[in-house]
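Next come the chains, spelled out residue by residue.
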Amino acid sequence: MCGIIGYTGFREAKNVLIESLKRLDYRGYDSAGIGVIDNQLQVFKEVGEIPNLEKEITVVKGTFGVGHTRWATHGKVSKENAHPQLSCNKKIALVHNGIIENFKKLRDDLEKKGHNFSSQTDTEVIVHLIDEEYKGNLEEAIFSALKKIQGSYAIVVVCEDEPGKIVGARKESPLVIGVGDNENFLASDIPAFLKYTNRVIYLDDGELCVITKNSTKVFDVNKIEVSKKEELIDWDFKDAEKSGFPHFMLKEIYDQPDTIHQTLRGRVSGIEQSIDFPENVGKLLDRNLDSINIVACGTSFYAGLLGKYLIEKLTDIPVFVDLSSEYRYFGTRNKASLVIAVTQSGETADTLAALKEAKNSDCRTLVITNVIGSTATRVADGYILMQSGPEIGVAATKTFTSQIIVLFLIALKIAVLKNKLGSDELYKYILNLKELPRQIREILERSDGIKNIANYIKDANSVFFIGRGINYPLSLEGALKLKEISYVHAEGFAAGELKHGPFALLTENTPVIAITTKDATYDKIIANIGEVKARGPKVIAIADDNDTEIDKHADFVLRFPSNSRLLSCFSITVILQLLAYHVANLRGCPIDKPRNLAKSVTVE
Ligand code: M6R
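Owing to the predicted nature of the structure, the values given are computational and were not obtained by experimental measurement.

What follows deals with the nonpolar core. Counting residues in each nonpolar core, the largest one holds 93 residues, and the members touching the most others are Ile410 and Leu412. Counting the residues that make up this core, at least three belong to each of domain 2 (242-437) and domain 3 (446-592).

Here it is in structure tokens:
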């Protein structure tokens, strides 16, 4: 899970590479390095975040080079293990994202041939293999070297003897060309070069590209040049900036009135009273659909669980939700089922594997993702974009709400196709959806009240989140958000489950967040609150503005504006996000880059 960048053009490569690495550090941040060629290859590496590396860099003038930000998989965090990795003669520099599975055997063979290794990384075997094959043409050497490699990779390589040329290749790890004027880029993620260009060419698995400042060429595994389509990214560069917020996470929470609007844009028509998706999705969402299987990881998995409640409620068709890491090995593949993968990045290794398994079993596949051209969009039969813009904070926020919007639209679409929803009801939902940005703004204005509660729970041993129905996945997501960025232990439970074990953990220092909505189980959750309080902990309820009953039961109440019951999940989500953010901030945690985590988990 590393970030990689290559640059060739007219600017000082050092500056471009450092700038790009700062935008990529959400991919990994235990060490970083750059290699720049100005007649001679010069390499700088440092442990820690990019500013540490910046301090190490002396004068270097070259206009092409590579850069890397690392999240260790093989070999400890050290300068030697940071990338770029170099050939024995120190003329070839390579950066890599992925895992080389047969690296031990390759390393033994190369050492027997006299290669000296200076790191414990799996990556270093690739550069020595290239060195071994090098006869004056970098791409030829890379083609030959890659034949011997098993595993996943995106690599970017430069050689001192071939000025201005950068070669990249990918298999199961993302790599995208940024096309500029008199300059070109090659990176694992678009934000790396978005400041300079929004014209991109996505590489597919098995492809290799050769870029110079004036040309981009892509070849397939058989070395045949392929013509690739250039695409325009409509993300604003400023979206990848903090815009005055102290953290990307906070900015992204505050982005939500706009991102929800963006996700609805072009899909929902109040005038025609219809829900529309791109054409290729039409054939996947038909009226004969009789079951859905959702696969996802982490926050996207919780969005999937929420989607299950929404789709089942509105359409009556059964929805099964699996963690991708389980589905890929144990999932039941039902050919009649539509498999929906939910993945912000479109690059999560387990979700891609689950998707491929589903395809191999002849299931129809649909992806909900934020990244156009990501691997998932190219594997699946169809995709729906979240349209939330780049999300930089490691904690998923605005993309979670966009995922739920898309799943909600899917539920409405199927409900209409199956005649389960009349046009009046659909119209009501459409109006409610359009109201969401305003309601989210109201929640954001209540941030100070949420901060007071954060102050109360910030020193807790553990925090429980409980809810029923659609509020159960929200409890899971609320707990994940809190634990991942504040390091306070937190668990989410279906409220009815507490007495089956978790009660044993309750002490006075275990605040319980109870998510309540005025639905059929309202009395039940009130009873659960009573059971909790009888054991000592304080209860913080999250409740509707119109709920006058709740103050009699909870110690504190966080309110959200009244809306259609199904749509309250959006307001509740934002409350949970702000609560986690404030707790983490009060505890002084590195919010955008929590320890041991990376934004995209591109390895199994
Ligand atoms: O890119 P994906 O949606 O596939 O990522 C899945 C998870 O890694 C991700 O949702 C993770 O749990 C969040 N960053 C947590 O906030």
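Along its sequence, the chain is carved into domain 1 (3-233), domain 2 (242-437) and domain 3 (446-592). A C-alpha centroid distance of 45 Å is found between domain 1 and domain 3.

On to the packing of aromatic side chains. Under the defined criterion, the tally for this structure stands at nine aromatic pairs. For the ring pair Phe185 and Phe193, a centre distance of 5.8 Å and an interplane angle of 35° mean the geometry is tilted. Between Phe301 and Tyr302, the aromatic rings sit 5.8 Å apart at their centres with planes inclined by 55°, giving tilted as the arrangement. A single burial state applies to Phe301 and to Tyr302, both of which are buried. Through successive ring pairs, a cluster of aromatic residues spans Tyr7, Phe185, Phe193 and Tyr196.

It is worth spelling out helix H3 (residues 103-112) at this point. Buried within H3 are the following residues: Phe103, Leu106, Arg107 and Leu110. The arc enclosing the buried residues of H3, seen along the axis, measures out at 100°, which places them on a common side. Seen from the open side of H3, the exposed residues pointing more than 90 degrees away from its buried face are Lys104, Lys105 and Lys112. Where H3 is buried, its residues contact strand S6 (92-100) and helix H4 (124-133). Backbone geometry just downstream of H3 places Gly114 in the positive-phi region, at approximately 105°.

Attention now goes to the site of the ligand. Around the ligand there are 13 residues in total, and Ser300, Thr343, Ser345, Thr348 and Glu484 lie nearest to it. Take Thr348: an N or O atom from its side chain is 2.5 Å from an oxygen atom of the ligand. When the ligand is considered free in solution it has 410 Å² of accessible area, and contact with the protein chains removes 91% of it. Of all the secondary structure elements, the ones that give two or more residues to the shell around the ligand are helix H9 (298-315) and helix H16 (471-486). Of the residues forming the shell around the ligand, the biggest block, three residues, is contributed by H9. Per-class residue counts for the shell around the ligand are four nonpolar, seven polar and two charged.

Turning to the pairing of strand S12 (residues 208-211), a few remarks are in order. Side chains on a regular strand alternate between the two faces of the sheet. The two faces of S12 match: Leu208 and Val210 on one face and Cys209 and Ile211 on the other face are all buried. Pairing of strand S8 (residues 166-171) with S12 involves four bridges; the strand directions are antiparallel. When the sheet's bridge partners are listed, Ala169 is paired in S12 with Leu208. By the bridge criterion, four bridges tie S12 to strand S13 (residues 216-219) in an arrangement that is antiparallel. Bridged to Leu208 within S13 is Phe219. Between S12 and the antiparallel strand that follows it, S13, lie four residues.

What follows covers the pairing of strand S3 (residues 40-47). Bridge analysis of strand S2 (residues 31-38) against S3 gives eight bridges, and the strand direction is antiparallel. Its bridge partner lying in S3, Gly35 is registered against Val43. Between S2 and S3, which pair antiparallel one after the other, the connecting turn spans one residue, and Asn39 there sits at a positive phi close to 65°.

Pairing within the open sheet is parallel, and its five strands lie in the order S19-S18-S20-S21-S22. This sheet does not close on itself; its edge strands, each paired only once, are strand S19 (319-323) and strand S22 (382-385). For this sheet, the mean inter-axis angle between neighbouring strands, taken without regard to orientation, is 20°. Of the strands in this sheet, strand S18 (292-296), S19 and strand S20 (338-343) are in contact with H9, which crosses S19 at around 175°. Along the sheet, helix H11 (residues 349-360) makes contact with S18, S20 and strand S21 (364-369), crossing S20 at roughly 165°.

A word on the pattern of salt bridges. Scanning all chains against the criterion turns up 40 salt bridges. Ionic pairing is found between Arg333 and Glu357, a salt bridge with its closest N-O pair at 2.6 Å. Of this pair, Arg333 sits in the loop between helix H10 (324-330) and S20 while Glu357 is found in helix H11, placing the two residues 24 residues apart along the sequence. You can call Glu357 partly exposed: its relative accessible area is 29%.

Attention now goes to the packing of H9 against helix H13 (residues 398-417). The interhelical angle for the contact between H9 and H13, taken along N-to-C directions, is 25°, at an axis separation of 9 Å. In terms of orientation, H9 and H13 fall into the roughly parallel class. For the crossing formed where H9 meets H13, the hand is right-handed. Of H13, the residues touching H9 (which contributes Thr299, Ser300, Tyr302, Ala303, Gly304, Leu306, Gly307, Leu310, Ile311, Leu314 and Thr315) are Phe400, Gln403, Ile404, Leu407, Phe408, Ile410, Ala411, Leu412, Ile414 and Ala415. Taken together, the residues of the contact of H9 with H13 break down into 15 nonpolar, six polar and no charged.

On the basis of which strands lie adjacent, the open sheet formed by five strands has the order S24-S23-S25-S26-S27 and parallel pairing. The strands lining the two open edges of the sheet, one partner per strand, are strand S24 (489-494) and strand S27 (556-560). Strand-to-strand, the axes of this sheet are offset by a mean angle of 20°, without reference to chain direction. Inspection of the sheet shows strand S23 (residues 462-467) paired to strand S25 (residues 512-515) by three bridges, in the parallel sense. Pairing of Phe464 across the sheet is with Val512, part of S25. H16 contacts S23, S24 and S25 of the sheet and is inclined by roughly 175° relative to S24.

The rules behind the values
Residues numbered from 1 in each chain as written. Predicted model: local features only at pLDDT ≥ 70, side-chain atom pairs only at ≥ 80, totals over all residues. Heavy atoms only, no water. Core = buried A, V, L, I, M, F, W, Y, C linked by side-chain atoms within 4.5 Å. Buried < 20%, exposed > 50% of the residue type's maximum accessible area, 1.4 Å probe, protein only. Domains from an automatic or database assignment. Phe/Tyr/Trp six-rings, centres within 6.5 Å; stacked < 30°, edge-to-face > 60°. Helix = DSSP H or I, 4+ residues; strand = E, 2+ residues; numbered from the N terminus. Arc of directions from axis to C-beta. Contact = heavy atoms within 4.5 Å. Near = heavy atom within 4 Å. Polar contact = N/O pair within 3.5 Å; in protein donor to acceptor, adjacent residues only side chain to side chain. Areas by Shrake-Rupley, 256 points an atom, 1.4 Å probe, with all protein chains shown as cover. Nonpolar A, V, L, I, M, F, W, Y, C, P; charged D, E, K, R; others polar. Pairing = 2+ DSSP bridges. Axes fitted to C-alpha atoms, helices over the stretch in contact; angles between N-to-C directions. Salt bridge = Lys/Arg side-chain N within 4 Å of Asp/Glu carboxyl O. Parallel < 35°, antiparallel > 145°, perpendicular 65-115°, else oblique. Left-handed = near helix turned anticlockwise from the far one by under 90°.

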